[in-house]
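Each chain, letter by letter, is given below.
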Amino acid sequence: QKEVEQNSGPLSVPEGAIASLNCTYSDRGSQSFFWYRQYSGKSPELIMSIYSNGDKEDGRFTAQLNKASQYVSLLIRDSQPSDSATYLCAVKHSSASKIIFGSGTRLSIRP
Amino acid sequence: SQTIHQWPATLVQPVGSPLSLECTVEGTSNPNLYWYRQAAGRGLQLLFYSVGIGQISSEVPQNLSASRPQDRQFILSSKKLLLSDSGFYLCAWDETGIRDEAFFGQGTRLTVV
């Protein structure tokens, strides 16, 4: 079992719709969760961090965390072509200062 | 503000040659430092992480090594490169307990020929 799992996609969403990205993790003691966006050929950039159960909103982005289900999600509202990228879920390990990434989900926003 | 520098941006090296990639962080003290590798079309594989000077944890057995000679300097090395070492190498930092989010350098695209 991979420590952090994501659907590789590609996920195709029409412009203006909501994109939903999902992630599960195996380390039940994890406390810190992150979503990164990576454009082709570039380094990942942080979109959101979430530490407690529930929703956290930042502009068009909403991160959701459910520790009981070991599940993290990212919703992107009013999707724009510039949102087309690979989205990486990351989890900070509970017993060591290391951050583990999922393999990423490719998102494509079609006009 | 904190910044991270990673160089070079691109590198083409022959099989069997040595490697040295350097990463430095400014504007913070005692950061956690990370080296990741990303093969084409794949996710980020954690190679090494360090919580302090001289403290290196290796995640994947390979012909790579890492060192942290100074608080804000992290070096990735190899004595003899393999074709399979090609990839996008990323350095990152964070501050556990202060700011858990990791921030990345621009990356080094290594092609072993």
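The structure we're discussing is the one just above.
Residues numbered from 1 in each chain as written. Chains lettered and ligands numbered in written order. Predicted model: local features only at pLDDT ≥ 70, side-chain atom pairs only at ≥ 80, totals over all residues. Heavy atoms only, no water.

**Student:** Explain the pairing of strand E9 (residues 85–92) of chain A residue by residue, including any values.
**Tutor:** All names here are of chain A. Among the 8 residues that make up E9, 8 are buried, leaving the element largely enclosed by the rest of the structure. Two strands pair when backbone bridges link them, and E9 and strand E11 (residues 105–110) are joined in this way by 3 bridges, in the antiparallel orientation. Across the sheet, Ala85 pairs through a bridge with Leu107, a residue of E11. In the sheet, E9 pairs with strand E10 (residues 99–101) via 3 bridges, with the strands oriented antiparallel. Counterpart to Ala90 in the pairing with E10 is Phe101. (Buried < 20%, exposed > 50% of the residue type's maximum accessible area, 1.4 Å probe, protein only. Helix = DSSP H or I, 4+ residues; strand = E, 2+ residues; numbered from the N terminus. Pairing = 2+ DSSP bridges.)

**Student:** I'd like a rundown of the pattern of salt bridges, residues and numbers included.
**Tutor:** For the structure on display, the rule yields 8 salt bridges over all chains. Here Arg77 of chain A makes a salt bridge to Glu57 of chain A, at a shortest N to O gap of 3.4 Å. Of the two residues, Arg77 of chain A sits in the loop between strand E8 (71–76) and E9 while Glu57 of chain A sits in strand E6 (residues 54–58), which places them 20 residues apart along the sequence. Residue Arg77 of chain A is classed as partly exposed on the basis of its relative accessible area, which comes to 27%. Owing to a relative accessible area of 59%, Glu57 of chain A belongs among the exposed residues under this scheme. Asp100 of chain B is paired through a salt bridge with Lys92 of chain A; the nearest N and O atoms lie 3.2 Å apart. With Asp100 of chain B in strand E10 (residues 99–104) and Lys92 of chain A in strand E9, the pair connects residues from two separate chains. Of the two residues, Asp100 of chain B and Lys92 of chain A, neither departs from the other in class, the shared state being buried. Three or more residues are tied together by salt bridges with common partners; here these are Lys92 of chain A together with Asp94 and Asp100 of chain B. (Salt bridge = Lys/Arg side-chain N within 4 Å of Asp/Glu carboxyl O.)

**Student:** Let's hear about the state of the cysteines: which residues, and what values?
**Tutor:** Residue and element names in this part refer to chain A. As enumerated under the stated definition, the model contains 2 disulfides over all chains in all. Each disulfide pairs two cysteine sulfurs, and for Cys23 the partner residue is Cys89, the sulfurs being separated by 2.1 Å. Taking the sign of the S-S torsion, about -70° here, the bridge from Cys23 to Cys89 comes out left-handed. Here Cys23 is found in strand E3 (residues 19–25), whereas its partner Cys89 is found in strand E9, with 66 residues between them in sequence. (Disulfide = S-S within 2.5 Å.)

**Student:** Help me get a handle on the sheet that holds E3 of chain A, residues and values and all.
**Tutor:** Residues and elements named next belong to chain A. The 5 strands lie next to each other as E1-E3-E8-E7-E6, forming an open sheet whose pairing is antiparallel. At either end of the open sheet lies a strand with only one pairing partner, and these are strand E1 (4–6) and E6. Across the sheet, the mean angle separating the axes of adjacent strands is 20° when strand polarity is ignored. Two elements, E6 and strand E7 (residues 61–66), share 5 bridges in a ladder whose sense is antiparallel. Counted as the bridge partner of Glu57 is Thr62 from E7. (Axes fitted to C-alpha atoms, helices over the stretch in contact; angles between N-to-C directions.)

**Student:** Just give me the short version of the packing of aromatic side chains, but keep the residues and values in it.
**Tutor:** Tallied over the entire structure, the rule returns 12 aromatic pairs over all chains. Both rings, one in Phe101 of chain A and one in Phe104 of chain B, keep their centres 5.8 Å apart while their planes meet at 70°; by these two values the pair is edge-to-face. Taken together, the residues Phe101 of chain A in strand E10 and Phe104 of chain B in strand E10 connect one chain to another. Owing to a relative accessible area of 7%, Phe101 of chain A belongs among the buried residues under this scheme. With a relative accessible area of 10%, Phe104 of chain B lands in the buried category. Connected via pairs of aromatic rings, a cluster forms that spans Phe34, Tyr36, Tyr51 and Phe101 of chain A together with Tyr34, Tyr36, Tyr49 and Phe104 of chain B. (Phe/Tyr/Trp six-rings, centres within 6.5 Å; stacked < 30°, edge-to-face > 60°.)

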